[in-house]
Amino acid sequence: MDFTLSAADVAVQERARKFATEVLAPRARAADEQGVFDHDVLRLFGATGLLGAQLPKDLGGSGFSHVQFALSMIELGAVDSSWRGFGTVQSALCGQMILHNASAAQRAAWLPELATGRAVFAFALTEPEAGSDVAALSTRAVADGDGWRLQGEKCWITNGGIADWIFVFATVDPALGRKGLSCFAVRGNAQGVRRERMEGIELGHRGADHARIHLDGVRVNANDLLGAQGAGFAVAMSGLEHGRLGVAAGAVGIQQGCFDACLSFARERRQFGKRIGDFQLIQKELADMHVDLESTRLLTLRAAALRDAGQPNLHEVSVAKYAACEAAVRSANAAVLMFGSRGYSSAAPVGRFLRDAKGLQIYEGTAHIQSLIIGRGLMGRDSAEQDQRK
Ligand SMILES: Cc1cc2nc3c(=O)[nH]c(=O)nc-3n(C[C@H](O)[C@H](O)[C@H](O)COP(=O)(O)OP(=O)(O)OC[C@H]3O[C@@H](n4cnc5c(N)ncnc54)[C@H](O)[C@@H]3O)c2cc1C
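Residues numbered from 1 in each chain as written. Predicted model: local features only at pLDDT ≥ 70, side-chain atom pairs only at ≥ 80, totals over all residues. Heavy atoms only, no water.

*Asks:* Would you explain helix H4 (residues 81-101) in this entry?
*Replies:* Every α-helix carries 3.6 residues per turn, so stepping three or four residues along brings you back to the same face. Between its first and last C-alpha atoms H4 spans 28 Å; for 21 residues at 1.5 Å apiece the expected length is 30 Å, and the two agree. Of all the bends found along H4, the most pronounced is centred on Gly-95 and spans about 30°. Of all 21 residues making up H4, 19 are buried, and the element is well covered by its neighbours. The N-capping residue of H4, defined by a side-chain oxygen 2.8 Å from the backbone nitrogen of Ser-82, is Asp-80. (Helix = DSSP H or I, 4+ residues; strand = E, 2+ residues; numbered from the N terminus. Expected span 1.5 Å × (residues − 1). Bend = angle between axes of the 7 residues up to and from the residue. Buried < 20%, exposed > 50% of the residue type's maximum accessible area, 1.4 Å probe, protein only. Polar contact = N/O pair within 3.5 Å; in protein donor to acceptor, adjacent residues only side chain to side chain.)

In C-alpha cells, the structure reads:
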C-alpha cells in the first residue's frame, strides 16, 4: 500500500489550490453574503481544466484519475463549498453519467461543452414528494409521437436556474416504480420549462444556484433520452456514485479549511497571558479535528483508488461520504466555538463552513440514507427469504 501522491497527483492538487486561493478565496465571503452566482468565476473555472476532471482527453476532458478528482475537490472544498458543489455536479454527477450512458453523438455534443464550462448541466431527480424515496417521483413522461411530453415539478436542483441542459428523471408509469424511470435531456430554455430560485434564505451554499423547475408539457425527442427507456434509476446511480465521492472530498476540504483556520488562530490569539492553543482543552479540539481530517481523507482517497483500480466502490463511497460529512459538521462546529465571537460573524469563514457542512449531510443521499446503504450491504441478502422465493 503506497500512500505517496505521484508527481501528476501533486500537479492536479496544486492547480486546484491555485484556483481556490487566487480566484475563490477573495470572492467567497461576498458570494456568501450576497447569494449571487458569479459567471466570471465559471469562466475562470472552465479555463482551469478542473471541470474536465476524469473525462477522457479526446472528449475535451482532463483525463484525471478518480484520486486526482478527489484531491481537486478537497482543495476547492477547503475554500468554497458553493464552487466545489458546482464542480461535483457538473463534472462528476453529470459528466460521469453522460460518459457511462450516452450515445457517441451525445457524448461528442455535450462533454467538450461541459469540460470547459461553456454549457452548464444540472441533475434533476428530487421532487417535493420524492426526496430519499426516488422511486416515488411523479414527473410523468407521456408518449407523444416519436418522443414524450414531460409534466411535473423538480426542486432543490443545483444549477437548475442557470443550466443549459437539465437531466430530468421522469416516469412513464408510476405503478412501475424504479423500472418506470427514464432520464431525459431538456434544454434549460425549452418551451414549458419555468425556473425559480428556492424560496427562503438558504442555510449554506449561498453562492450556488438551487432552483425549483416546473415542467409543463415540455417536448423531448427520442434522441433526448439518456440511456435506455426504463433504465433511469441505474442512470441516476451511475452519476450519484461519482457525485458522492465529490461530496466526501468536499467534506474533507471543509475540515481542512476549519483545521487550518483554527491552528493559526490558536497560535495567534492570546488570553490569560498565553496562546489559546497552549490550553489543553483547545489542544484536544485541534487533535480531534486533525484525527477526523486525516482518517476521512484516507477513506475518501481509498474509495477513489478502488475505482481507479477498476473495483466496485459503492460501499466505500458511502462510508467515506457518511464519515466525512459527519466529521465536517463536528469540525466546523468546534471551529465556530474556538473562534469565539469572531466565529459568529461572516467576517471569518468558519460560520460559513458550518452552514455549508449541513448541506453536505443532506444532498446526494442524506447521512441516514448512507448509513442505510452501509448497513444493508453489511447484512447481505437473507438466504432464508431467498429460499422461500424459490
Ligand atoms: C443544497 C442542496 C442541493 C441539492 N442539489 C440537488 C440536485 O442537484 N439534484 C437533485 O435532484 N436534488 C438535489 N438536492 C435535493 C437532495 O438530494 C434531497 O434534499 C435529499 O435527497 C433528501 O430528500 P428530502 O430533502 O426530500 O428529504 P426526505 O427524503 O423527505 O427526508 C427527510 C428526513 O427523513 C430521513 N429519511 C428518509 N427516508 C428514510 C429512511 N428510509 N430511513 C431513515 N431516515 C429516512 C432523511 O434522512 C431526512 O432526515 C439538493 C438539496 C440541497 C439541500
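*Asks:* Quick question: what am I supposed to make of the site of the ligand here?
*Replies:* Neighbouring residues of the ligand: 16 residues in total, closest Phe-123, Thr-126, Ser-132, Thr-366 and His-368. In the model, a nitrogen atom of the ligand is placed 2.8 Å from a nitrogen or oxygen of the Thr-158 side chain. Residue His-368 places a side-chain N or O atom 2.6 Å away from an oxygen atom belonging to the ligand. Its free accessible area being 970 Å², the ligand has 64% of it covered by the protein chains. In the shell around the ligand, the residues fall into eight nonpolar, seven polar and one charged. For the shell around the ligand, the two domains that each supply at least three residues are domain 2 (122-230) and domain 3 (234-379). (Near = heavy atom within 4 Å. Areas by Shrake-Rupley, 256 points an atom, 1.4 Å probe, with all protein chains shown as cover. Nonpolar A, V, L, I, M, F, W, Y, C, P; charged D, E, K, R; others polar. Domains from an automatic or database assignment.)

*Asks:* Looking at this structure, how should I read the domain arrangement of the protein?
*Replies:* A common way to state how big an interface is: give the accessible area lost once the parts meet. Examined at the domain level, the protein breaks down into domain 1 (7-120), domain 2 (122-230) and domain 3 (234-379). Counting from both sides, the interface comprises eleven residues of domain 2 and, opposite them, eleven residues of domain 3. With both sides pooled, the region where domain 2 packs onto domain 3 buries about 840 Å², and carbon together with sulfur makes up 73% of that total. At the surface where domain 2 touches domain 3, the tally comes to zero salt bridges. At the boundary of domain 2 with domain 3, the tally comes to three residue pairs in polar contact (both at pLDDT 80 or more). Of the residues contributing to the side of domain 2 that touches domain 3, the split by class is six nonpolar, four polar and one charged. (Contact = heavy atoms within 4.5 Å. Buried area = accessible area lost by both parts, 1.4 Å probe. Salt bridge = Lys/Arg side-chain N within 4 Å of Asp/Glu carboxyl O.)

*Asks:* I tried to follow a nonpolar patch on the surface on my own but got confused; where do I start?
*Replies:* Together, Met-1, Phe-3 and Leu-298 make up a nonpolar patch on the protein surface, roughly 440 Å² of accessible area in all. For Phe-3, the location among the structural elements is in the segment before helix H1 (7-34). A relative accessible area of 61% places Phe-3 in the exposed class. (Patch = residues over 30% accessible without salt bridge, like charges linked within 9 Å, V, L, I, M, F, W, Y side chains within 5 Å.)

*Asks:* Explain the nonpolar core to me, please; I cannot follow it from the model alone.
*Replies:* Generally speaking, nonpolar side chains in soluble globular proteins are found buried as a group. By size, the foremost hydrophobic cluster in this structure holds 82 residues, and its most contacted members are Leu-24, Leu-76 and Leu-150. Element by element, the count of residues in this core is highest for helix H6 (residues 232-268), at twelve residues. Not counting residues within four places of it along the chain, the set of residues in contact with Leu-76 comprises Ala-16, Phe-19, Ala-20, Leu-24, Phe-45, Leu-50, Trp-83 and Arg-84. Counting 30 residues, the second-largest nonpolar core is a separate cluster that includes Leu-99, Leu-111, Val-134 and Leu-240. (Core = buried A, V, L, I, M, F, W, Y, C linked by side-chain atoms within 4.5 Å.)

*Asks:* Explanation requested: the environment of Asn-313 in the structure shown.
*Replies:* The topology assignment puts Asn-313 in the loop between helix H7 (280-308) and helix H8 (314-338). The exposure class of Asn-313 is buried, given its relative accessible area of 4%. C-alpha separation for the pair Asn-313 and Arg-219, spaced 94 residues apart in sequence, amounts to 37 Å. Excluding residues within four positions of it along the chain, Asn-313 makes contact with Glu-241, Ala-303, Leu-306 and Arg-307.

*Asks:* Where do I start with empty space enclosed by the protein in this structure?
*Replies:* Empty space among the atoms can be located by rolling a probe the size of a water molecule over them. Counting across every chain of the model gives three cavities of 30 Å³ or more. The volume enclosed by the largest cavity comes to roughly 50 Å³. Every residue along the wall of the largest cavity is listed here: Ala-28, Ala-31, Asp-32, Asp-80, Ser-82, Arg-206, Gly-207, Arg-352 and Asp-356. Each residue belonging to the lining of the largest cavity can be placed in one class, and the counts come to two nonpolar, two polar and five charged. (1 Å grid on protein atoms, 1.4 Å probe; cavity = no way out; pocket = protein on both sides within 12 Å on 5 of 7 lines; lining within 4 Å. Points joined across faces, edges and corners; volume = space filled by probe spheres on them.)

*Asks:* Help me out: how do you make sense of the pairing of strand S5 (residues 181-187) in this one?
*Replies:* For a regular strand, the rule is simple: side chains alternate between the two faces of the sheet. Across the seven residues of S5, six count as buried, placing the element largely inside the fold. Note that strand S4 (residues 165-171) and S5 share seven bridges and pair antiparallel. The partner of Ile-166 across the bridge, within S5, is Val-186. Pairing of S5 with strand S8 (residues 225-226) involves two bridges; the strand directions are antiparallel. Following the sheet pairing, Cys-183 is matched in S8 by Leu-226. (Pairing = 2+ DSSP bridges.)

*Asks:* Help me understand the side chain of Ser-82 in this model?
*Replies:* In this fold, Ser-82 is placed in helix H4. Ser-82 has contacts with His-205, Arg-206, Gly-207 and Ala-208, leaving out every residue within four places of it along the chain.

*Asks:* Is there a simple way to think about the packing of aromatic side chains in this case?
*Replies:* Given two aromatic rings, their pairing is described by the distance between the two centres and the angle made by the two planes. The final tally for this structure, using the stated rule, is 13 aromatic pairs. Ring centres of Phe-45 and Phe-86 lie 6.1 Å apart, and the angle between their planes is 45°; this geometry places the pair in the tilted category. Note that Phe-45 is positioned in helix H2 (residues 39-48) and Phe-86 in helix H4, a separation of 41 residues in sequence. Phe-45 gets classed as buried once you look at its relative accessible area, which sits at 1%. (Phe/Tyr/Trp six-rings, centres within 6.5 Å; stacked < 30°, edge-to-face > 60°.)

*Asks:* I tried to follow the pairing of strand S1 (residues 121-124) on my own but got confused; where do I start?
*Replies:* Burial along S1 is two-sided: Phe-121 and Phe-123 and Ala-122 and Ala-124, pointing in opposite directions, are all buried. Bridge analysis of S1 against S4 gives four bridges, and the strand direction is parallel. Bridged to Ala-124 within S4 is Val-168.

*Asks:* Help me understand the state of the cysteines in this model?
*Replies:* Two cysteines whose sulfur atoms are joined by a covalent bond form what is called a disulfide. Evaluated as defined, the whole model comprises zero disulfides. The closest cysteine sulfur to the non-disulfide-bonded Cys-94 is located on Cys-183, 8.6 Å from its own sulfur. Residue Cys-155 stays outside any disulfide, its sulfur separated by 16 Å from that of Cys-94, the closest cysteine. (Disulfide = S-S within 2.5 Å.)

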